[in-house]
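Here is how the chains run, residue by residue.
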Amino acid sequence: MNWTASFSTLLALIATAHALGSSTVTIVSSADPTQVIEEENGSLLLTVSQDDKKAFAKAGQVSYENFGAAGDGVTDDAVAIAATHAYANQHQLKVRAKDNATYYIGGEERTAYIQTDTDFGNASFIIDDTAVEKRDAPVFEVSSQQKSFKLEGLTSLKRNQKRINVPLPGPCLVTVTDSNTKRYIRFGLNQNNGASQTDIFVVDKNGKLDPMAPIVWDFEEITDCTALPIDETLLTISGGTFTTIANQAESQYTYYSRNLAIRRSNVVVDRLEHRVTGEGDQGAPYGGFINIRDSAYVTVKNALLTGRKKYITIGNAGKPVPMGSYDIIVNRSLNVSFVNCSQTNDIHDRDYWGIMGSNFSKNLLYDRCTLSRFDAHMGVANATIRNSTLGHMGINAIGTGTLTLENSIVYGPHLVNLRQDYGSTWQGRILVRDCRFVPSSGRSVSASLIGGRNSTQHDFGYTCYLPEEIVIENLHIDDSNHPENYEGPAIFANFTPEMTDSSYQESYPYVRPKRVLLRDVTTASGQSLRVSENPFPFRKVKVDTRKR
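Conventions used here
- Residues numbered from 1 in each chain as written.
- Predicted model: local features only at pLDDT ≥ 70, side-chain atom pairs only at ≥ 80, totals over all residues.
- Heavy atoms only, no water.
- Salt bridge = Lys/Arg side-chain N within 4 Å of Asp/Glu carboxyl O.
- Buried < 20%, exposed > 50% of the residue type's maximum accessible area, 1.4 Å probe, protein only.
- Pairing = 2+ DSSP bridges.
- Helix = DSSP H or I, 4+ residues; strand = E, 2+ residues; numbered from the N terminus.
- Core = buried A, V, L, I, M, F, W, Y, C linked by side-chain atoms within 4.5 Å.
- Polar contact = N/O pair within 3.5 Å; in protein donor to acceptor, adjacent residues only side chain to side chain.
- Contact = heavy atoms within 4.5 Å.
- 1 Å grid on protein atoms, 1.4 Å probe; cavity = no way out; pocket = protein on both sides within 12 Å on 5 of 7 lines; lining within 4 Å.
- Points joined across faces, edges and corners; volume = space filled by probe spheres on them.
- Nonpolar A, V, L, I, M, F, W, Y, C, P; charged D, E, K, R; others polar.
- Phe/Tyr/Trp six-rings, centres within 6.5 Å; stacked < 30°, edge-to-face > 60°.

**Some details on the pattern of salt bridges**
It is possible for side chains of opposite charge to pair when their charged atoms get near one another. Going through the model one piece at a time under the given rule, you end up with 29 salt bridges. Here Asp367 ties to Arg368 by a salt bridge, and the two come within 4.0 Å at their closest N and O atoms. Judged by its relative accessible area of 10%, Asp367 is buried. Note on Arg368: relative accessible area 44%, which makes it partly exposed. Across the pair Asp421 and Arg419 runs a salt bridge, and its minimum N-O distance is 2.7 Å. By sharing partners, the salt bridges in this structure join Arg186, Arg373, Asp375, Arg419 and Asp421 into a single network.

Structural data, given as structure tokens:
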């Protein structure tokens, strides 16, 4: 492809510059053939012939080959891909990859911004992470043509507040932060000083909040408040097989995010495949090939993803710790669904980290998924897992609202594990119906349904709760493989081992459940369900056992 041009032949009939990320894309009409010029500073100049412009408009779509892609799996097509999407965005055209093409994307810092429907079809994309200029620069970013803005006049908020008295141009996704209040003060090998109090919610043009995504925290002070208008049109991304050639970097917390980043609301990703090759003896972790942030109403369906190899580093406590490495990340997002998704590697293989992680999100859904893990790291408000199978890392969560588990199989260490590094807290209800639990993928263990630990001596930045109510209906516990002297499965793990009598003093009192309702809970071992290995902390919990 010719990367130079004679500027004397340009007819500046249209000249539009798009400043996206670190590069600028300028599009002009030309009497010369269509070409892409990459300038020394990384900016792109697209010169589009009048004939091509008419043909693209008539077809209603453009392809990567229209802007110089080779699609041979060898030539670096990153510039052509970025140019194609830039032109499509300006002219509201669809993008369609060429059937059976293979697009190689090297290590140059170059992001293609997707703002129109895109069909990757049966094309393949090779993303080479062995030598990159910027490890956290997305390869594709699904972005809005609307701009976020600072929301002035909002100085405080209350938990479960119904309305804000601030004018808005239309429905918006609002993110608020109080940098002077720290939550999620982590305990353990990755201990830290916490994160700024953050909340995210949807507001209509009249200031009314979506009641399904309530405000979680009281904000006496707001240090930052940003609103992003919600796109009302649905953007669809379909198809494509993506293969990442894994980095060989030192095993430390230098996350790679050369991925598909979603930063827009109302998006569907359908039939995407992501595979990984080249993982060696060392490597830096990944921040999700599908990385969703600051978005609402996003659905990923019929996707085939890949768990990442687990590497060890030295944590903040000065001891070895396995690093979380993900193919799915959801941060500060609402109403995000994964439907009929699975992974390429064995969901029981402990050499691979759990496939999913999330932070500060609300209303997350797994439906008909077979994946190694569901995880809410720094909190979720409301989550549902149904018709799904969870592998060796199972369900890990902290948060608020209702955690619902229906018609699913869980192979994790616990039916639901409440993360101990954040205080094993769930302020709300856990509801389980029609499920099967195979503790630790069938290894010989003493089973417990609700896992976690809290010494009550650490300040996590909030009061810690066990669920106020736990309802379990029609659960079978496959505990046939168990150790000697097994006394049967427990409802609760040994959350506070030191607390065996009333002499134990809680520095940060742990709010324990009021009621557990059990209905048709059966075990393969024939042993009855007990409250806990250490029943004293749960002595006031009412356990109601019923049969049909």
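What follows picks up the thread again.
**With respect to the sheet that holds strand β13 (residues 172-183)**
Whenever strands of a sheet pair, they do so through backbone hydrogen bonds, lying parallel or antiparallel. Strands sit in the order β12-β15-β13-β14 across an open sheet of four strands; the sheet is antiparallel. A strand with exactly one partner marks an edge of an open sheet, and here the two such strands are β12 (149-150) and β14 (195-203). With two bridges connecting them, β12 and strand β15 (residues 224-229) associate as antiparallel partners. Counted as the bridge partner of Phe149 is Ala227 from β15.

**Section: the nonpolar core**
In this structure, Leu46, Tyr64, Phe125, Phe140 and Phe338 are the most contacted members of the largest nonpolar core, which totals 127 residues. The greatest single-element share of this core, amounting to nine residues, is contributed by helix α2 (residues 78-91). Ile200, Ala213, Ile230 and Leu334 belong to the second-largest nonpolar core, a separate cluster that totals seven residues.

**Let's talk about the side chain of Thr244**
Tracing the chain through its elements places Thr244 in strand β16 (residues 235-245). Thr244 gets classed as buried once you look at its relative accessible area, which sits at 1%. There is a polar contact of 2.7 Å between the side chain of Thr244 and the side chain of His274. Other than its neighbours up to four places away in sequence, Thr244 contacts Ile127, Asp129, His274, Arg275, Val276, Thr277, Tyr286, Phe289 and Arg308.

**Some points on the environment of Ile314**
Looking at the element boundaries, Ile314 is found in strand β23 (residues 312-314). The exposed category is assigned to Ile314, whose relative accessible area is 52%. When the C-alpha positions of Ile314 and Phe360 are compared, they lie 26 Å apart, and in sequence the two are 46 residues distant.

**Comments concerning unusual backbone geometry**
Even without being glycine, Ser441 reaches a positive phi, approximately 55°. Of note, Ser441 is situated in the loop between β35 (426-437) and β36 (448-451). By relative accessible area, which is 27% here, Ser441 ends up partly exposed. The residue Asp520 is not glycine, and still its phi comes out positive at about 55°. Position of Asp520 relative to the elements: it lies in strand β41 (residues 515-523). On the basis of relative accessibility, which here comes to 18%, the residue Asp520 falls in the buried class.

**A look at the layout of surface pockets**
Approximately 340 Å³ is the volume found for the second largest pocket. What lines the second largest pocket is a set of 23 residues, and nearest its centre among them are Arg159, Tyr184, Val216, Trp217 and Thr400. Looking at the lining of the second largest pocket, the elements with two or more residues in it are β14, β28 (356-367), β30 (378-386) and β32 (399-406). For the lining of the second largest pocket, the residue count by class is ten nonpolar, eight polar and five charged.

**Things to note about the packing of aromatic side chains**
For the structure shown, the criterion picks out 27 aromatic pairs. Ring plane angle 70° and centroid distance 5.8 Å describe the contact between Tyr184 and Phe360, whose orientation is recorded as edge-to-face. You can see Tyr184 sitting in the loop between β13 and β14 and its partner Phe360 sitting in strand β28, a full 176 residues away along the chain. In this pair, the class of Tyr184 matches that of Phe360, namely buried.

**Description of the pairing of strand β25 (residues 326-331)**
With six of six residues buried, β25 is to be regarded as a mostly interior element. The pairing of β25 with β28 spans four bridges and is classified as parallel. In the strand pairing of β28, Ile329 is matched with Gly357.

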